Amino acid sequence: MPRLNHGERGLKRRLAARAEQEIITAGPPVMLSALVNYLSANDAGPGFYQLAKELQLLPLSASADEKFGFWVEQVKRLYERHGARPATA
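Residues numbered from 1 in each chain as written. Predicted model: local features only at pLDDT ≥ 70, side-chain atom pairs only at ≥ 80, totals over all residues. Heavy atoms only, no water.

Now for helix H3 (residues 64-82). Relative to the 27 Å expected for 19 residues at 1.5 Å per residue, H3 spans 27 Å between its end C-alpha atoms, a close match to the ideal helical length. Regarding H3, the residues found buried are Phe70, Trp71, Gln74, Val75 and Leu78. Down the axis of H3, the buried side of the element spans an arc of 135°, and every buried residue falls inside it. Along H3, the residues that are exposed and aim more than 90 degrees away from the buried face are Asp65, Tyr79 and Glu80. (Helix = DSSP H or I, 4+ residues; strand = E, 2+ residues; numbered from the N terminus. Expected span 1.5 Å × (residues − 1). Buried < 20%, exposed > 50% of the residue type's maximum accessible area, 1.4 Å probe, protein only. Arc of directions from axis to C-beta.)

With that out of the way, let us pick up the side chain of aspartate 43. Mapped onto the elements, aspartate 43 comes out in the loop between helix H1 (6-24) and helix H2 (46-54). Look at aspartate 43: it is buried, it has no salt bridge, and the nearest opposite charge is lysine 67 at 8.8 Å. Engagement of the side chain of aspartate 43 in a polar contact is seen with the side chain of tyrosine 49, the distance being 3.0 Å. Beyond its immediate stretch of four places on either side in the chain, aspartate 43 contacts Asn37, Tyr38, Tyr49, Phe68 and Trp71. (Lys, Arg positive; Asp, Glu negative; His and termini not counted. Salt bridge = Lys/Arg side-chain N within 4 Å of Asp/Glu carboxyl O. Polar contact = N/O pair within 3.5 Å; in protein donor to acceptor, adjacent residues only side chain to side chain. Contact = heavy atoms within 4.5 Å.)

Moving on, we come to H2. Of the residues making up H2, those classed as buried are Phe48, Tyr49, Leu51, Ala52 and Lys53. Within two residues after H2, glutamine 56 carries a phi angle of roughly 60°, on the positive side.

The next subject is the packing of aromatic side chains. The geometry of an aromatic ring pair is captured by the separation of the ring centres together with the interplanar angle, meaning the angle of the planes. On inspection of all chains with the given rule, the structure shows three aromatic pairs. When the ring of phenylalanine 48 is compared with that of tyrosine 49, the centres are 5.2 Å apart and the planes differ by 75°; the resulting orientation is edge-to-face. Both residues of the pair, phenylalanine 48 and tyrosine 49, belong to the buried class. With 5.8 Å between their ring centres and 35° between their planes, phenylalanine 48 and phenylalanine 70 make a pair best called tilted. Of the two residues, phenylalanine 48 sits in helix H2 while phenylalanine 70 sits in helix H3, which places them 22 residues apart along the sequence. (Phe/Tyr/Trp six-rings, centres within 6.5 Å; stacked < 30°, edge-to-face > 60°.)

Further remarks concern the nonpolar core. In this structure, Met31, Ala34, Phe48, Tyr49, Leu58, Phe70 and Trp71 are the most contacted members of the largest nonpolar core, which totals 14 residues. Residue assignment for this core shows that the elements contributing at least two residues are H2 and H3. Discounting residues that sit within four places of it in the chain, alanine 34 has contacts with Phe48, Trp71, Gln74, Val75 and Leu78. (Core = buried A, V, L, I, M, F, W, Y, C linked by side-chain atoms within 4.5 Å.)

The N-to-C vectors of H2 and H3 enclose an angle of 85°; their axes lie 11 Å apart at closest approach. In terms of their interaxial angle, H2 and H3 are classed as roughly perpendicular. Residues Phe48, Tyr49, Ala52 and Lys53 of H2 form the contact with H3, whose participating residues are Lys67, Phe68, Phe70, Trp71 and Gln74. Partitioned by chemical class, the residues of the contact of H2 with H3 number six nonpolar, one polar and two charged. (Axes fitted to C-alpha atoms, helices over the stretch in contact; angles between N-to-C directions. Parallel < 35°, antiparallel > 145°, perpendicular 65-115°, else oblique. Nonpolar A, V, L, I, M, F, W, Y, C, P; charged D, E, K, R; others polar.)

Structure (structure tokens):
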């Protein structure tokens, strides 16, 4: 996958922020970008946590454990709201 230059990363971040604001107004706070894992990691990247802080969903002084717990909760909320449903006959 090609690497994004600084301008492209900024655009991607602004688009993600706009999408997050629309999702948050639709119900309990949930960040769609929680589904995107950071490269070579098992959780979200620093941009996810920074955006959560900017949206006042995560304290500015959040510890690594608090960030991880926040991410886990966001993923759970996404699956509760938009996850696969059992098939109906």
